[in-house]
Structure formats: C-alpha cells, structure tokens
Amino acid sequence: MRVLNPLQSRLRPVALALLALTGASSARAGLFEDEDARNAILELRQQRVQDLDAQAARLKELSAQIDVLKRSLLDMNSQIELVRSDLAKERGQSEVLARDLAEVQRRQKDMQQAADERARKLEPVGVNLDGKSFKAEPEEKKQFDDALLKLRSQDFAGAAAALNAFLQRYPSTGYKESAYYWLGNAYYGAAQYNEAIGAFKQLIAQAPDHARSPEAMLSIANCYSELKDAKQLRKTLDEVVKRYPQSEAAQAAKDRIATTAALKTPEPAAASGSAAGKTKPRK
C-alpha cells in the first residue's frame, strides 16, 4: 500500500472536494444542455407546426383562388360559347345577306339589260331609202315595213289603210315621200285611180327632185290611162319627158307616146304591181 507524504495527505481532501465540485458542475451543465435541447426541439416543433399551419392556410387560400379561377373559366367558357353562337348566327345572317345581295345584283343586272334592250328598241335607227338618209324610231320603221309587206302580198286596201295611218301618226317622218309613192301604188292596185293620182301628186309637190318623183309622174299617166282620159295621159307623158329627161321614166314615157300615137285609146296597164307599168319600181 502506497504511503502518502504529509503534503499529499493534506491536499487529498481538497482534491476530493474539487473533484466533487467538478462533477456537480458537469451534471448541472448536462442538465442545462438537455433543457436547451428540449427547448430547441420544442421551438423547432412549434416552428414546424406554425409552418404547417401557414402552408395549410396558403393551400386553403390557393384552393379558394383555384375555385375562383374555375368559376371564372366556366364563365369565360360560357361567354365563349355565347360568342361562338353569336358568330354562327352572324355568319348565317351574313350568308343569307350575301345570297340576298347576289340575288339583288342579278335582278339589277337583268333589269339593266332589259332597260338597255328597251332603250335600244327606242333608239332611232339609221335608214337609207330611195337615196335619202334619215333617222327613224324603231316602231316607225316597223309600221312602214309592215305596210309594204301588205302591199307586196297584194293586200292593196290593207296597205293603203296602213300607209294613211302611218302618215297621220308620223307627219314629219323621213319616210314621207316614199310613203306617198307606195300609197299611190296601193290605190292603183285597188283600182282607186283618182286617189292614186292624189297620192302621187303629193310626192311630186313636196319633193319634185326625189328619186321616186319621175316614177310617180309616170304612174299618174297610167292612172289617166285606166280612166280613159287620153288628154291628161298625153299631157302627163309629155311632162315626164320634159321634167325628167334623163330618167328611165322619161324613156318609158317616150315609148308610150309612140305607142299611143298609133292607137285611139291608151293601152291599159296591169292592175297589180307598181303603177309605173313596165318600169319596175325600186324597193
């Protein structure tokens, strides 16, 4: 057994006391450290709980916002469907309007064409007849042509009536001289010789230089021949030769004078056709 010296013996209790104090301090330090740890853990737990509560509140807030967004999206979808429906209606209306517009344009085009056609029918047309050029209304030309058709078909009474009506309706017509000429021929064909003479004289009086005037005067002579008026016949034949010496009618008149000189009565001309006799009238 180890023997302590007196100093060690005196210091041993002190050392033991110090050791006891050191152990107590270490225990207290351990107790303090455990308490801090527990407090830290509690604080961490409390912070964790607070964080979880905050996250839950945030999630709840986000969920509420999502619900609002969903409702907004539903409303927006409803509005989009309404807009689509409106657009479809407008598109349908636009198509209907487009069809209506196309129909209106087609009708307008047809009406314009019809108006143009009527205007063309009403526009004066150029006429060249018996060496004369003039303008005539379409209906005016038609009535004159219809009257000549009656004459060519030997409807002399109908032709005379048509030409008289024509001259009454169109007193200033460019056809006037030709109308009087053919009116005289219509009367001649109907054996209305005095009326024929009156019509031929109207032509000669109004237009003595007209292309038909020599033929009209020769036709007057033929009317006198049919009326057995030898005096007026010879007088008219002489006048034809005198007034229109270069015409075919003058040559026919000379031949007629030579023929009638050997006869007591003038040779009657055929009742049908032109009153100018053998000279074929120009159409």
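The shown structure was predicted, so the numbers you read here are calculated from the model rather than taken from an experiment.

(A) Quick look at the overall build of the chain. Per the secondary structure count, the chain includes eight helices and two strands. In the chain, the succession of helices and strands from N to C terminus is α-β-β-α-α-α-α-α-α-α. Total accessible area on the chain is roughly 19,500 Å²; 56% of this is exposed by carbon and sulfur atoms.

(B) Seen up close, the packing of aromatic side chains. For the structure on display, the rule yields eight aromatic pairs. Measuring from centroid to centroid gives 4.9 Å for Phe134 and Tyr175, while their planes differ by 80 degrees, and the two rings are edge-to-face. Of this pair, Phe134 sits in strand E2 (residues 132–136) while Tyr175 is found in the loop between helix H3 (156–169) and helix H4 (176–189), placing the two residues 41 residues apart along the sequence. Accessibility expressed as a relative area gives 12% for Phe134, which makes it buried. Residue Tyr175 is classed as buried on the basis of its relative accessible area, which comes to 2%. Pairwise contacts between aromatic rings join Phe134, Phe144, Phe166, Tyr170 and Tyr175 into one cluster. In this arrangement the basic side chain of Lys132 is found over the ring face of Phe134, its NZ or CZ atom lying 5.6 Å from the centre.

(C) Main features of the nonpolar core. In this structure, Phe144, Tyr175 and Leu183 are the most contacted members of the largest nonpolar core, which totals 46 residues. Ranked by the residues each element gives to this core, the list is headed by H4, at eight residues. The contacts of Leu183, once residues within four sequence positions are left out, are Ala160, Leu163, Asn164, Leu167 and Ala199.

(D) Examining the side chain of Ser178 more closely. Among the secondary structure elements, Ser178 is positioned in helix H4. When near neighbours in sequence (up to four residues on either side) are disregarded, Ser178 contacts Leu129, Asp130, Phe144 and His210.

(E) Just the confidence of the model for the chain, in detail. Of all residues in the chain, 78% have pLDDT values of 70 or greater, and the mean over the chain is 83. Low pLDDT, under 50, characterises residues 265–272; the stretch is placed with 16 contacts to residues that sit more than four places away or in other chains. Every residue in residues 278–283 is under pLDDT 50, and counting partners more than four places away or in other chains gives 17 contacts.

(F) Structural view of the pattern of salt bridges. Summed over the entire model, instances satisfying the criterion amount to 12 salt bridges. The salt bridge involving Asp130 is made with Arg212; its shortest N-O contact spans 3.1 Å. Taken together, the positions of Asp130 in the loop between strand E1 (125–129) and E2 and Arg212 in the loop between helix H5 (193–206) and helix H6 (213–226) put the pair 82 residues apart, joining distant regions of the chain. There is no split in this pair, since Asp130 and Arg212 are both buried. Here the residues in one salt-bridge network are Glu103, Arg106, Arg107 and Asp110, joined through shared partners.

(G) Up close: H3. Between its terminal C-alpha atoms H3 stretches 20 Å, which fits the 20 Å expected from 14 residues at 1.5 Å a residue. When we look at burial in H3, the residues that qualify are Phe156, Gly158, Ala159, Ala160, Leu163, Phe166 and Leu167.

(H) Expanded view of the environment of Pro124. Checked against the element boundaries, Pro124 lands in the loop between helix H1 (6–122) and E1. When the C-alpha atoms of Pro124 and Pro138 are compared, they prove to be 6.2 Å apart, with 14 residues separating the residues in sequence. With residues up to four places along the chain from it excluded, the contact list for Pro124 reads Lys135, Ala136, Glu137 and Pro138.

(I) Here's a closer look at the packing of helix H2 (residues 138–152) against H3. Two elements in contact, H2 and H3, have axes whose closest approach is 7 Å; the angle formed by their N-to-C orientations is 160 degrees. Considering the angle they form, H2 stands roughly antiparallel to H3. Classified by chirality, the crossing of H3 by H2 is left-handed. Note on element contacts: H3 touches H2 through Phe156, Gly158, Ala159, Ala162, Leu163, Phe166 and Arg169, opposite Glu139, Glu140, Gln143, Phe144, Ala147, Lys150 and Leu151. Taken together, the residues of the contact of H2 with H3 sort by class into eight nonpolar, two polar and four charged.

Cut-offs applied
Residues numbered from 1 in each chain as written. Predicted model: local features only at pLDDT ≥ 70, side-chain atom pairs only at ≥ 80, totals over all residues. Heavy atoms only, no water. Helix = DSSP H or I, 4+ residues; strand = E, 2+ residues; numbered from the N terminus. Areas by Shrake-Rupley, 256 points an atom, 1.4 Å probe, with all protein chains shown as cover. Phe/Tyr/Trp six-rings, centres within 6.5 Å; stacked < 30°, edge-to-face > 60°. Buried < 20%, exposed > 50% of the residue type's maximum accessible area, 1.4 Å probe, protein only. Lys NZ or Arg CZ within 6 Å of the ring centre and 35° of its normal. Core = buried A, V, L, I, M, F, W, Y, C linked by side-chain atoms within 4.5 Å. Contact = heavy atoms within 4.5 Å. pLDDT = per-residue confidence, 0-100. Salt bridge = Lys/Arg side-chain N within 4 Å of Asp/Glu carboxyl O. Expected span 1.5 Å × (residues − 1). Axes fitted to C-alpha atoms, helices over the stretch in contact; angles between N-to-C directions. Parallel < 35°, antiparallel > 145°, perpendicular 65-115°, else oblique. Left-handed = near helix turned anticlockwise from the far one by under 90°. Nonpolar A, V, L, I, M, F, W, Y, C, P; charged D, E, K, R; others polar.

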